[in-house]
Structures are given as structure tokens and as C-alpha cells.
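Structure assessment
One letter stands for each residue in the lines below.
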Amino acid sequence: MVELPSARRLRAVVWTEARVELWSRTGERPAVAVWTAEQTARFLEQVCDHQLYPLYHVAALLGLRRGEAVGLRWCDVDLANRTLAVVRQLVERDGRGVCLPKTDASCRTVALDRGTTALLRRLARHDPAGDWVFSHDQGRSWSPSYVSRTFRVVVDEAGLPPIRFHDLRHGAATLSLAAGSELRVVQALLGHSSIVLTADTYTSVLPCLAQQAADATAELVRRAGYQRGAKIHKVVVPRQRSGSPRARLVTCSH
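Residues numbered from 1 in each chain as written. Predicted model: local features only at pLDDT ≥ 70, side-chain atom pairs only at ≥ 80, totals over all residues. Heavy atoms only, no water.

This part takes up the pairing of strand β4 (residues 83–86). Here β4 shows one buried face, formed by L84 and V86, and one open face, formed by T83 and A85. Taken together, the two bridges between strand β3 (residues 77–78) and β4 define a ladder with antiparallel strand orientation. Considered in β4, the bridge of D78 is made with T83. Remark: four residues form the turn of the hairpin made by β3 and β4, two consecutive strands paired antiparallel; R82 in that turn has positive phi of roughly 55°. Pairing of β4 with strand β7 (residues 108–111) involves four bridges; the strand directions are antiparallel. Along β7, the bridge assignment pairs L84 with V110. (Buried < 20%, exposed > 50% of the residue type's maximum accessible area, 1.4 Å probe, protein only. Helix = DSSP H or I, 4+ residues; strand = E, 2+ residues; numbered from the N terminus. Pairing = 2+ DSSP bridges.)

Following this line, the structure appears as C-alpha cells:
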């Protein structure tokens, strides 16, 4: 008889310089946050010699869930065609077990960039007899909880603003959009059944993209003005009592 309100879906926000400064000063942090491309690159550079680096690399670029990453087997990887198949995940429930991915759409084929392909090829040569892609102690798969605990430690050691391991998935979506991928491509990368879920939850607008969009909009209006014989330019209005001058676009007809 009780109707519960629907849960609010948290949106990921980017660790901008202002947010990093606030976190450094007060410890305040967003519930869900993602790194910029520069911060992601810095993290991968800092952990390049860590035993879990290949797993972190794949998670950061391909957006695999934790269980999907530790559950990868070499039979799922096609280095010749530069793809990998997500067909299972490892979970810790009454011990460790193998189960299907989260949803039907989560069973997917993911394309590999050349750098990730080369990384996995080196990994395969290092452990040719192993079954799990990311393994330790003579081929044993990593514990999902160990992966998350270690991730928190290496992020702290790298001096980067904190994110959860799962936030690498948010970051992969955001960076893919920043690189010019269409939303449908990002949806397929993450294995979502609904493009609405991808747009609402797993994508953030990077500051550089927002600036590019603002510039593109202003340029579109400026070009339209020239086509109709108007001239659009920037006008600086007088300085207010506080703050900097305000600028606005005006149209001057000839």
C-alpha cells in the first residue's frame, strides 16, 4: 500500500580545478565524479609499473565493470581483430563466483584501440598458459574487492582527486564523447539497453566540450548574421560596481 518515490539517478561531475581546490581545502567531494583526460593520463602514468595496471588501463578506456574486467578470459579476446567479448563477471557473494553480466545488453563485443591491443598482446606473451586475462599467483583471478581496495590506495598515492573504481566507467563514457563518439557508440561500449540511461547517468560534459559548444553556437549566429547583411560583434558594457565587464553579442544592421 506504500508508494516509494523513485530514486534519483546521480550524475557524474568532472573534477575541474575549482572542485579539486575545494576538495583539497575542505575534503568536500561529489558523490559521483570523473577525471579529465589529463587526470586519467596522469593516473595511468603513475601506475604503469603496478601489477594491476593492465586491468586499470582496460577499465579506464573501455568502461568495463569491475566484475567484467576480472572475469575476462583469454578465449574472450580476439587480438587479431582487436575485440574482446564481455560474457561473464566475477562476483563476491558467499565466496567468489562466476555469473552472467548485469543485463542481456551487457553481453557485448568491445573494440580495442591499438595501444590496448599491444598491451594485451604483451600480457599474453608473459603468461601464455593462463586462462584469466588479469591474474596472479600462477593464473588465479583477482578478487573484485582487492581490485577496488588497491585502486583507492594507488589513487591516493598518485595525489589525484578521489574517485571510485566504478567511476572509471563513467569516465570512459565521458572521454569517449569528448573524443567525438556518438551517443549510440557509447551506449554499445557500456552495454546499456537504453540510450536514455547512457545519457542520464554515464555521461558528463567536460569543460572543454562546453566551451567548444558555446563557441560553436556564437559562430553559427555570427555566420547567419553575415549572410543576412548584419554584422555581429562583441560589445563590452561598462564595468559594474563589482565583478568584471560583461560582454554580449549584438546585431548591427547596415
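Next comes the rest of the write-up.
Quick look at the confidence of the model for the protein chain now. Chain-level statistics for the protein chain give a pLDDT mean of 86 and a share of 88% at 70 or above. Looking across the protein chain, the model is least confident in strand β11 (residues 247–253), with a mean pLDDT of 46, and most confident in β3, with 97. Predicted confidence for residues 249–254 stays below pLDDT 50, and this span has 17 contacts to residues more than four positions away or in other chains. (pLDDT = per-residue confidence, 0-100. Contact = heavy atoms within 4.5 Å.)

Under the criterion given, the structure shown has nine aromatic pairs. Ring centres 6.2 Å apart and planes at 40° place the aromatic pair W35 and F151 in the tilted group. Of this pair, W35 sits in the loop between β2 (33–34) and α2 (37–46) while F151 sits in helix α6 (residues 144–158), and the two are 116 residues apart along the sequence. Overall, the relative accessible area of 2% leaves W35 in the buried class. Grouped by ring-pair contacts, the aromatic residues W35, F43, Y56, F151 and F165 constitute a single cluster. (Phe/Tyr/Trp six-rings, centres within 6.5 Å; stacked < 30°, edge-to-face > 60°.)

A grouping of M1, V2 and L4 is seen on the molecular surface, where their side chains present a nonpolar patch of about 500 Å² in accessible area. Note that M1 resides in the segment before β1 (13–14). (Patch = residues over 30% accessible without salt bridge, like charges linked within 9 Å, V, L, I, M, F, W, Y side chains within 5 Å. Areas by Shrake-Rupley, 256 points an atom, 1.4 Å probe, with all protein chains shown as cover. Salt bridge = Lys/Arg side-chain N within 4 Å of Asp/Glu carboxyl O.)

Take the packing of α2 against α6 next. α6 packs onto α2 with a crossing angle of 105° between their chain directions and a minimal axis gap of 10 Å. As summarised for this structure, α2 and α6 are arranged roughly perpendicular, according to the angle between their axes. Contacts between α2 and α6 involve R42, F43 and Q46 on the former and, on the latter, F151, V154, V155 and A158. The residue inventory of the contact of α2 with α6, partitioned by class, reads five nonpolar, one polar and one charged. (Axes fitted to C-alpha atoms, helices over the stretch in contact; angles between N-to-C directions. Parallel < 35°, antiparallel > 145°, perpendicular 65-115°, else oblique. Nonpolar A, V, L, I, M, F, W, Y, C, P; charged D, E, K, R; others polar.)

For the structure on display, the rule yields eight salt bridges. Here E68 and R65 are joined by a salt bridge, their closest N and O atoms 2.7 Å apart. Residue R65 is classed as buried on the basis of its relative accessible area of 10%. Residues R222 and E219 are paired through a salt bridge, measuring 2.5 Å at the closest nitrogen-oxygen approach. Here R222 and its partner E219 are both found in helix α10 (residues 207–227), three residues apart, which amounts to about one turn of the helix. Assessed through its relative accessible area of 28%, R222 is described here as partly exposed. Taking the relative accessible area as the measure of exposure, E219 reaches 27% and is therefore partly exposed. In the salt-bridge network here, residues are joined through shared partners; they are R65, E68 and R108.

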